Amino acid sequence: MSDPIIQIQKVNKWFGDFQVLKEIDLEVKSKEKIVVCGPSGSGKSTLIRCINRLEEHQKGSIIIDGTEISEDTKNIEQVRAEVGMVFQQFNLFPHLSILDNCTLAPIWVKKMSKKDAEALATEHLEKVQIIDQAQKFPGQLSGGQQQRAAIARALCMEPKIMLFDEPTSALDPEMIKEVLDVMVNLAKQGMTMIVVTHEMGFAKEVADQMIFMDEGMIVEKATTKDFFANPKSDRTKLFLSQIL
Amino acid sequence: MNINNFNLSKPKHQKNRNITLIIGVLLFSLGILDFCLNNFQNKNITFFLPGLISFFTPLIFAVTGLYFVRIEFSGIKILDKLNKNINTSNFNATLSTCIILLIIFALPPLLNWFIFDANISGDTKEACTGGGACWVYIKVWFNRFMYGMYPNAEQWRINVTFIAVLAFMGVGFFVPSKLRNYLSFYYTILLPIISFILIYYIISGGSFGLVWVETGAWGGLSLTFMVSFFSLIFCFPLGMMLALGRRSNLPVVKYSSLSFIEFWRGVPLITVLFMSAVMFPMFLPEGTYIDKLIRVVVAITLFEAAYTAEVIRGGLQALPRGQYDAAKSLGMGYWRMHIFVILPQALKLVIPGIANTFLALIKDTPLIFVVGLLEVVGMLNLAKTNPKWLGFSMEGYVFAGIIFWIICFSMSKYSQKLELKYKTDR
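Below: a short report on this structure.

### Digging into the overall build of chain A
Part 1: Helix and strand counts for chain A come out as nine helices and ten strands.
Part 2: Taken against the 2.2 N^0.38 rule, which gives 18 Å for 244 residues, the C-alpha radius of gyration of chain A at 18 Å falls within 12% of a compact globule.
Part 3: Considering only C-alpha atoms, chain A reaches an extent of 50 × 45 × 35 Å along its principal axes.
Part 4: Put simply, chain A has 244 residues, and 57% of those count as buried.
Part 5: Contacts in chain A between residues far apart in sequence, at least 24 positions, make up 65% of those at least 6 positions apart.
Part 6: For chain A, the accessible surface area stands at approximately 10700 Å², while carbon and sulfur atoms represent 48% of it.
Part 7: Each charge class in chain A was averaged separately, 29 positive and 35 negative side chains, and the resulting centres sit 2 Å apart.

### Regarding the overall build of chain B
Part 1: Secondary structure summary: chain B contains 18 helices and one strand in total.
Part 2: A compact globule built from 426 residues would reach a C-alpha radius of gyration of about 22 Å, whereas chain B, at 30 Å, exceeds it by more than 25%.
Part 3: Principal-axis analysis of the C-alpha atoms gives chain B an extent of 85 × 70 × 45 Å.
Part 4: By residue count, 40% of the 426 residues in chain B fall in the buried class.
Part 5: Look at the contacts in chain B between residues 6 or more apart in sequence, and 67% of them connect residues 24 or more apart.
Part 6: Put simply, chain B shows about 24200 Å² of open surface, and 70% of that area lies on carbon and sulfur atoms.

### Re the pattern of salt bridges
Between side chains of opposite charge, a pair can form as their charged atoms come close.
Part 1: Applying the stated criterion across every chain yields a total of 18 salt bridges over all chains.
Part 2: For the salt bridge of D65 of chain A with K160 of chain A, the shortest nitrogen-to-oxygen distance reads 2.7 Å. Within this pair, whereas D65 of chain A is found in the loop between β4 (59-64) and β5 (67-68), its partner K160 of chain A is found in the loop between α5 (143-155) and β7 (161-165), the two being separated by 95 residues in sequence.
Part 3: Relative accessible area serves as the criterion here: at 32%, D65 of chain A is assigned to the partly exposed category.
Part 4: By relative accessible area, K160 of chain A is classed as partly exposed at 41%.
Part 5: Between K237 of chain A and D234 of chain A there is a salt bridge; the shortest N-O distance is 3.7 Å. With a gap of three residues between them, K237 of chain A and D234 of chain A both fall in helix α9 (residues 234-243), about one helical turn apart.
Part 6: Classification of D234 of chain A by relative accessible area gives exposed; the value is 60%.
Part 7: Several salt bridges share partner residues, and in doing so they unite R246, E262, R265, E310 and R313 of chain B into one network.

### Considerations on the interface of chain A and chain B
Part 1: Contact residues are listed per partner, giving 26 residues for chain A and 20 residues for chain B.
Part 2: Of the roughly 2100 Å² buried at the junction of chain A and chain B (both faces included), carbon and sulfur atoms supply 60%.
Part 3: Contact with chain B buries area across many residues of chain A, yet F93, H95 and W108 of chain A alone supply 26% of it, more than any other trio.
Part 4: Taken together, the connections running from chain A to chain B amount to three salt bridges.
Part 5: Here E77 of chain A makes a salt bridge to R336 of chain B, at a shortest N to O gap of 3.6 Å.
Part 6: The interface formed by chain A and chain B holds seven residue pairs in polar contact (both at pLDDT 80 or more) in total.
Part 7: Contributions of two or more residues to the side of chain A that touches chain B are made by α2 (73-82), β6 (83-86), α3 (98-108) and α5 of chain A.

### A look at the sheet that holds strand β9 (residues 209-214) of chain A
Residues and elements named next belong to chain A.
Part 1: Pairing in this open sheet of six strands is mixed, and the strands run β6-β7-β8-β3-β9-β10 from one edge to the other. Only two strands of the sheet have a single neighbouring strand rather than two, namely β6 and β10 (217-223). Averaged over neighbouring strand pairs, the angle between their axes works out to 15 degrees when direction is ignored.
Part 2: As paired strands, strand β3 (residues 33-37) and β9 are joined by four bridges and run parallel to one another. Among the inter-strand pairings, C37 is bridged to a residue of β9, identified as F212.
Part 3: In the packing of helix α1 (residues 44-51) onto the sheet, the strands contacted are β3, β6, β7, β8 (192-196) and β9, and the crossing angle to β7 comes to about 150 degrees.
Part 4: Along the sheet, helix α6 (residues 173-188) contacts β3, β7 and β8; its crossing angle with β8, the most-contacted strand, is approximately 150 degrees.

### Notes on the state of the cysteines
All names here are of chain A.
Part 1: This model, assessed by the stated rule, comprises zero disulfides over all chains.
Part 2: Distance from the sulfur of C37, which forms no disulfide, to the nearest cysteine sulfur (C50) is 19 Å.
Part 3: With no disulfide partner, C102 has as its closest neighbouring cysteine sulfur the one in C156, 4.5 Å distant.
Part 4: The exposure class of C102 is buried, given its relative accessible area of 1%.

### Remarks on helix α13 (residues 292-318) of chain B
The α-helix winds at 3.6 residues per turn, so residues separated by three or four positions along the chain end up facing the same way.
Part 1: Across its 27 residues, α13 of chain B extends 40 Å between first and last C-alpha, which sits within 8% of the 39 Å expected from 1.5 Å per residue.
Part 2: Sitting at the head of α13 of chain B, D291 of chain B places a side-chain oxygen 2.8 Å from the backbone nitrogen of L293 of chain B.

### A word on the sheet that holds β4 of chain A
Part 1: Taken in spatial order, the four strands make up an open sheet running β2-β1-β4-β5 (chain A), and their pairing is antiparallel. One side of each edge strand has no neighbouring strand; the edge strands of this open sheet are β2 (18-29) and β5 of chain A.

### Focus on α1 of chain A
All names here are of chain A.
Part 1: Of all eight residues in α1, seven are buried, a share of seventy percent or more.
Part 2: Every buried residue of α1 is accounted for by K44, T46, L47, I48, R49, C50 and I51.
Part 3: Of the residues trailing α1, R53 is marked for its positive phi of about 65 degrees.

### Observations regarding the nonpolar core
Part 1: Core analysis: the biggest nonpolar cluster contains 124 residues, and Y137, F145 and M332 of chain B have the highest contact counts within it.
Part 2: Looking at this core, the element that brings in the most residues is helix α9 (residues 220-246) of chain B, giving 13 residues.
Part 3: With residues up to four places along the chain from it excluded, the contact list for Y137 of chain B reads F145, L380, A383, K384, W389, F392, E395 and G396 of chain B.
Part 4: With 49 residues, the next largest nonpolar core counts L171, M210, A222 and F228 of chain A among its residues.

Thresholds, definitions, all that
- Residues numbered from 1 in each chain as written.
- Chains lettered and ligands numbered in written order.
- Predicted model: local features only at pLDDT ≥ 70, side-chain atom pairs only at ≥ 80, totals over all residues.
- Heavy atoms only, no water.
- Helix = DSSP H or I, 4+ residues; strand = E, 2+ residues; numbered from the N terminus.
- Rg over C-alpha atoms; globule rule 2.2 N^0.38 Å.
- Buried < 20%, exposed > 50% of the residue type's maximum accessible area, 1.4 Å probe, protein only.
- Contact = heavy atoms within 4.5 Å.
- Areas by Shrake-Rupley, 256 points an atom, 1.4 Å probe, with all protein chains shown as cover.
- Lys, Arg positive; Asp, Glu negative; His and termini not counted.
- Charge placed at Lys NZ, Arg CZ, Asp CG, Glu CD.
- Salt bridge = Lys/Arg side-chain N within 4 Å of Asp/Glu carboxyl O.
- Buried area = accessible area lost by both parts, 1.4 Å probe.
- Polar contact = N/O pair within 3.5 Å; in protein donor to acceptor, adjacent residues only side chain to side chain.
- Pairing = 2+ DSSP bridges.
- Axes fitted to C-alpha atoms, helices over the stretch in contact; angles between N-to-C directions.
- Disulfide = S-S within 2.5 Å.
- Expected span 1.5 Å × (residues − 1).
- Core = buried A, V, L, I, M, F, W, Y, C linked by side-chain atoms within 4.5 Å.

Structural measurements only, silent on function.
Quick look at the structure:
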């Protein structure tokens, strides 16, 4: 637990006139797990999308593993290759089989040989327990299976950091567990994770730190134990009373 | 549940069913018979009725007949099928009857014109004695319609070249899967070059002991194929680039693509062709000469590329943003993202639109007559003004129509096959 792997300093972002992120400061150490929660429209998704530059921030600095995210496209691609992301809507590539979804980036971005990439993909697909679906297309899989495939696809790039943007919000209740199980396993293996989620059970089990965001600001940041036992701000208390 | 319903709607008395069935069939046949007699024998069996009613009796008889025949689950397979397809309601029955009567009305004269009264033997105008089509005309001019003014003795060169190009096109089906990735490169770059060389040395000639034949003498269907072939091959990648360019973030790329597309979409093809032939040479330095045919192919390519671009852009815009996000989050840059993730999906979506544009392109090729190139329709126009063969434009246009229909229909079928092949969602 030495240097922070993600350093976010005084980040501001506007969509037109509307300020979505206000003076965000955040440090994440290697192997730390952070859960971000808050009402919708509070900027939590935007924050993690800024970390791999799917959104641009206008002020402040974001440094990932020693690389500052800036206009420079080379930096961005380098950072993205190190930061995996899982989306609410899975966003698997529907024209490719699950296996090809997983091997595409390793082959063409990391220049891996096809054989190595397939071995790697097989390994990760086994980890998320959908190796038997490898030859199918995303459209033939259930939501939970698709999301696990998406996690495997991100892992195939062997990222140092994983971002989860509400990974279970688009799933049927009975499929949420299979995805959360995969994420818990991943956490136990020591991945650095930032998770935007409303699954408080998962947060209690896995998170080192909790962040509560509202109206573009970090309202409360505390260790998981403190966050649930004695939240400081009233806004957090209200939110927790509604969600728990 | 289903089985109960089935039993309920079944007629209770088998006897009744048969009687209504017989009445229905009789009435329907009576209607048809009345119509046929009216049309072909000039006899009106309902002459005793007032004019308007008498005119509609075939329709009334046939529709009433169909009404009687409309028995649900009659147990007769053919009847059930007919009822389900052309006889679901009174309205449907009326429409079906109208269509049947129309076919009876139109088919015999058409067949007479096409086959029974037509002439095909002989090789002069005088051989056409029947009242139908004079296929002799097509037969005599067939070579011209296929090869234009290309010298008869040299026409084997066109055949050889076409067979060779077809063979090179067919190579794609036999390559080992290892080389599959290079296929698009082969089809968009190598194949046109190979074809161009073949056409240049064999059809155009001038070396290897082959007589030189100027492009002005080329024509007929073979010219249609040549122009369409090159235009199709080139307009697709160009259109793709323009579509990407129009969505680019770089202002220079964006606005040059935009103005290119809007320019070419805004002018009629016929003016473009005319300018390519008449105005373009004026801008060339003295002494340089670009062949008319090449200029025309370039003009059509640019013109159709603008349309293709807009079709492809439609596909690009139909993709959800998440696909871009996912590709970016995996570290793919602009080109890798588009080549592996965006374009394969977008192009799949726009296969119907692309097929549409391509068909339009093929059917636009006759316009090259404005620069003096006579493909199949151009040759027809020329032939019909021949003093020895005046008065056969109908046969000519029907012939051209059939040829274009065959080409376009097979392309359309092929595009449907492609759609099915790339369908991955279920």
